[in-house]
Amino acid sequence: MSAKTEFQGFLRQDGRKGIRNTILVVYLVECAHHVAREIVYPYRKQGVHLIGFSGCYPNQYAFDMMARLCTHPNTGGVLLVSLGCESFDRRGLARVVIDSGRPVETLVIQERGGTLTTVDQGQTWLEETLAELEDTTARVTMSVDELVVGAICGGSDATSGITANPAIGRCFDLLVDNNASAIFEEGGELIGCEQIMADRAVTPALGEEILSTMEKTARYYTTMGHGSFAVGNSDGGLTTVEEKSMGAYAKSGSSPIRGLIKPGDVPPAGGLYLLDIVPDGGARFGFPNINDTAEIAELIACGAHLTLFSTGRGSVVGSAISPVIKVCANPETYRRMAGDMDVDAGRILEGGATLDEVGEEIFSQVLAVAGGEPTKSESLGHQEFVLTYKSFEPIGPACLPV
Amino acid sequence: MPDKQSGLLLRISDEDNVYVLLRGLNAGDSLKLGEQTVVVENSLELGHKIAARDIAAGEKIVKYGAPIGSAARDIRAGEHVHLHNIKSDYIPTYTLNSETD
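As annotated in an unreviewed UniProt entry, chain B is UxaA family hydrolase from Caldilineaceae bacterium SB0664_bin_27.

The name given to chain A in an unreviewed UniProt entry is UxaA family hydrolase, with Caldilineaceae bacterium SB0664_bin_27 as the source organism. Recorded in UniProt under Sequence similarities (unreviewed entry), the annotation for chain A is "Belongs to the UxaA family."

Structure below.
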């Protein structure tokens, strides 16, 4: 491996290190969305990202997600935009951000005189804070073992499971060998893989936890009456959810599974982790994650500095907060959509590269992007974000052995 | 994984009873499966599966060396293996009403 494993990052006052220095503008209910978007718009290419929560009813999961995202190592400062009457605990969230040492401001639209004055005050704050962050954020050397990397697939087809996903798996093995943390997510997309995953757990008790999580998953999706499977998946040659799962599972590589975490749990040390994204308790708020973006947000809440995204049909999404590296599985899709893709894994099918070579290429890209090089979706301004209602119980002691 | 590659057909694992197409095929193209030559009935996109041998109704469909569903009816060697002839052993696959075969 010739790639340099050190790069320059940003040091936060809580001691964590980020690879971007992003300011988040956060709407705390849909009614504040437009104002927040107007504040961001002129600054959207200057590292100011828009995220938010639409609901007016309170939800502990949404609060905890926001707390994690607003204190994510890639986040440098936070502007909260509240209508004023929603149930989101804006003071509690502001306190979490202040305690982390980051600059934070809260604008309550009803107290600031409405749309125009709030937009104006928000932009004034952004001007000052962008300059302040530029001057005051400490730069620091970071090495690969300090990285947290997530993996997800979206717009899958039958090539995903034979090119991009196993190539991401090779990259995950390299990351874990270098003592980085690698997280693969479990939605309905691992149904059918329960036993082979449990067999890879570092302890039998963790294996049991994985099996019971997968039982929960199958039960939840059965209640919803719909597997994690979109129409485009079958156009692309996938027929059943378990077939899609086998392909998705290849993203995990071959390292032992060191822990089972839930959204917002940050891996305590290097190694491979499985992220359980299916809510606990009965099916209450609808589908576990309504789309790929909701899943990426959860990986980021677990500390992911960047996310590897495998696609066959051709997804164009990126993300707020953490860059997304797009690995295209299908050579025909790559030729059509090269401007959106960072890695051409489809050439494996046409004899242009081996899985190991593409795995190493993804690993090199991880280091380059961690060092500041923008991904395709970042350059194109993609900053998708979704957060919905969910509920989780804390993980049990068997989930993080050692 | 794709180590049993012959250019057109990929058998991912030795136990698999389906092949994956590495390029698209047009209706009327012929395909060699061992001794047998099979004519493709409908155009097929890259990534779709065809039966590597005759598969009886109820038999498991095996890909990646793992079951990915069961045959809903008898499937001949060389036939397209998809929504019309196999079903999930977990959750039924959703299709748009306007596109149902």
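Now that the structure has been shown, we can carry on.
Trainee: Can you help me understand the UniProt feature "domain: D-galactarate/Altronate dehydratase second" (unreviewed entry) in chain A in this one?
Mentor: In this numbering, the UniProt entry assigns the feature "domain: D-galactarate/Altronate dehydratase second" (unreviewed entry) to residues 9-133 of chain A. With 42% helix and 23% strand, the stretch residues 9-133 of chain A has end C-alpha atoms that lie 14 Å from each other.

Trainee: Is there a simple way to think about the interface of chain A and chain B in this case?
Mentor: Often, the extent of an interface is quoted as the loss of accessible area upon association of its parts. With 34 residues of chain A at the contact, the number on the chain B side is 31 residues. Of all residues in chain A, Ile162, Thr239 and Glu242 of chain A bury the most surface against chain B, accounting for 22% of the area lost on that side. Where chain A packs against chain B, one counts 3 salt bridges. A salt bridge links Glu243 of chain A to Lys49 of chain B; its shortest N-O distance comes to 2.8 Å. Here chain A and chain B share 14 residue pairs in polar contact (both at pLDDT 80 or more) between them. Taken together, the elements giving at least two residues each to the side of chain A that touches chain B come down to helix 8 (204-224), helix 9 (231-235), helix 10 (241-249) and helix 12 (331-337) of chain A. In terms of residue count, helix 10 of chain A provides more of the side of chain A that touches chain B than any other element does, 5 residues in total. Looking at the side of chain A that touches chain B, its residues break down into 14 nonpolar, 13 polar and 7 charged.

Trainee: Help me out: how do you make sense of the packing of aromatic side chains in this one?
Mentor: We describe a pair of aromatic rings using the distance from one ring centre to the other and the angle between the two ring planes. Residue and element names in this part refer to chain A. Overall, the coordinates contain 5 aromatic pairs over all chains when judged by the stated rule. Centre to centre, the rings of Phe53 and Phe88 are 6.2 Å apart; their planes meet at 55 degrees, and the pair counts as tilted. Highlighted residues: Phe53 in the loop between strand 4 (48-52) and helix 2 (60-70) and Phe88 in the loop between strand 5 (75-82) and helix 3 (90-99), separated in sequence by 35 residues. For Phe53, a relative accessible area of 1% gives the class buried. Relative accessible area serves as the criterion here: at 8%, Phe88 is assigned to the buried category. Among the aromatic side chains, those forming a connected cluster through ring pairs are Phe53, Phe63, Phe88, Phe285 and Tyr389. One cation-aromatic arrangement involves Arg44 over Tyr41; the distance from NZ or CZ to the ring centre is 4.0 Å.

Definitions and limits used
Residues numbered from 1 in each chain as written. Chains lettered and ligands numbered in written order. Predicted model: local features only at pLDDT ≥ 70, side-chain atom pairs only at ≥ 80, totals over all residues. Heavy atoms only, no water. UniProt positions renumbered as here; feature names shortened; annotations may be inferred. Helix = DSSP H or I, 4+ residues; strand = E, 2+ residues; numbered from the N terminus. Contact = heavy atoms within 4.5 Å. Buried area = accessible area lost by both parts, 1.4 Å probe. Salt bridge = Lys/Arg side-chain N within 4 Å of Asp/Glu carboxyl O. Polar contact = N/O pair within 3.5 Å; in protein donor to acceptor, adjacent residues only side chain to side chain. Nonpolar A, V, L, I, M, F, W, Y, C, P; charged D, E, K, R; others polar. Phe/Tyr/Trp six-rings, centres within 6.5 Å; stacked < 30°, edge-to-face > 60°. Buried < 20%, exposed > 50% of the residue type's maximum accessible area, 1.4 Å probe, protein only. Lys NZ or Arg CZ within 6 Å of the ring centre and 35° of its normal.

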